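Overview (structure and organization)
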Amino acid sequence: MSLEKETRKVFKQIHEGILKDKTASNRFRSMLTTAYLGVEDSFFHGKVCLDAGCGSHGGGIYNLFSLGAEKVYGLDVDSTFVEPVKKVLEDGGFNGKYQLDIGSVLELPYPDNFFDYVQCHGVLHHTADAKKGLREMHRVTKPHGIIYITIMGKGGLFHDLVFDYLRPRYKNDREFKKQVDSLRLEQIHKQLDWLIDNIKQETPEDKQGAQLLIGLKELINQDYILSWWDALQAPSYDRFTEEEVRGWFVECGCYDIERVSRYPVYKNIRVVLAPLYFHYYSELARLLYGEGVIQLRAYKK
């Protein structure tokens, strides 16, 4: 099985989880704003757009329509994404305005200079050649159109732990893999309830410990579990420096290349880390996450 097909198999399950979770679905349907991209509010009106590697949840396509896009193409590597995305879009009232295609971000099945706007959210670092994927995005974008990507950056204590220790362990430790794959929200909440009950029974004077765990339980939801599956289960997860990725844009002939940032809205434990995602350049963010998740927007000459 090819790397892309293996990756698609993993994310099909993750995206099915997103579709079942209203919090996660809404987050993906509202991640993009015109202010975040640094364009006028009317930018997407009348525009033809592409979500390359759109996945089964359809959140990126839905998001583009909500911003006023005229037509949106969605692409992924096999047909299993088509029916779930069709349902999402037709339920949203976008019937007849979209097209879903099967193909690779490394070899986009579209003519040169076709789209006003092309995005690829969290996909290129799962491919065999992220740079080639960007070149393909550039090829199909119209002159002065926008290309937007998110791609995983290098470095950081937390990211090094996840990518250099936990991912290899997931791959090589059968028991650890089983534990990760079987993670369920009900199971985690049940274990936390057990801890809370024991603290209340054995040390009833310790009000702070029980209260801390009650608060923690409220901050662990299905969306949080899905983020761990994303990090550990994906067959490949390359990381890059901002300078390196900017260089790809320059080689393609792009201009006004800008790293953009948004304050993410979470309803789980990651809410306490949201300032670090937004202020990716801060000292603490650099220590924990290194280059962070690199979000770049550029124009094609």
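Let me sum up the structure you'll find in this document. Bear in mind that the values here come from a model prediction, so they are computed numbers and not experimental data.

**Comments concerning the sheet that holds strand E7 (residues 293-300)**
Strand order across the open sheet formed by 7 strands is E3-E2-E1-E4-E5-E7-E6, with mixed pairing between neighbours. Among the strands making up the open sheet, the edge pair consists of strand E3 (98-102) and strand E6 (254-259). Adjacent strand axes in the sheet meet at a mean angle of 15 degrees, parallel and antiparallel pairs treated alike. Judged from the 7 bridges that link them, strand E5 (residues 141-152) and E7 form a sheet pairing that is antiparallel. Within the sheet, the bridge partner assigned to Ile 149 lies in E7 and is Leu 296. Relative to E6, helix H12 (residues 242-252) is tilted by about 160 degrees, and along the sheet it contacts E5, E6 and E7.

**Let's talk about unusual backbone geometry**
Residue Asn 113 is not a glycine yet carries a positive backbone phi of 55 degrees. As for its position among the elements, Asn 113 is in the loop between E3 and strand E4 (115-121). The backbone phi angle of His 144 is positive, close to 70 degrees, even though this residue is not glycine. The residue His 144 is located in strand E5 in this model. The exposed category is assigned to His 144, whose relative accessible area is 54%.

**Comments concerning the pattern of salt bridges**
This structure, assessed with the given rule, holds 19 salt bridges. A salt bridge links Asp 173 to Arg 169, with the shortest nitrogen-to-oxygen separation between them at 3.3 Å. For Asp 173, a relative accessible area of 27% gives the class partly exposed. Relative accessible area serves as the criterion here: at 31%, Arg 169 is assigned to the partly exposed category. As a salt-bridge pair, Glu 242 and Arg 259 come within 2.9 Å of each other at their nearest N and O atoms. Residue Glu 242 is found in helix H12, and its partner Arg 259 is found in strand E6; the two are separated by 17 residues along the sequence. The exposure classification of Glu 242 matches that of Arg 259, with both residues buried. Because the salt bridges share partners, they merge into one network encompassing Asp 112, Glu 136 and Arg 139.

The rules we used
Residues numbered from 1 in each chain as written. Predicted model: local features only at pLDDT ≥ 70, side-chain atom pairs only at ≥ 80, totals over all residues. Heavy atoms only, no water. Pairing = 2+ DSSP bridges. Helix = DSSP H or I, 4+ residues; strand = E, 2+ residues; numbered from the N terminus. Axes fitted to C-alpha atoms, helices over the stretch in contact; angles between N-to-C directions. Contact = heavy atoms within 4.5 Å. Buried < 20%, exposed > 50% of the residue type's maximum accessible area, 1.4 Å probe, protein only. Salt bridge = Lys/Arg side-chain N within 4 Å of Asp/Glu carboxyl O.

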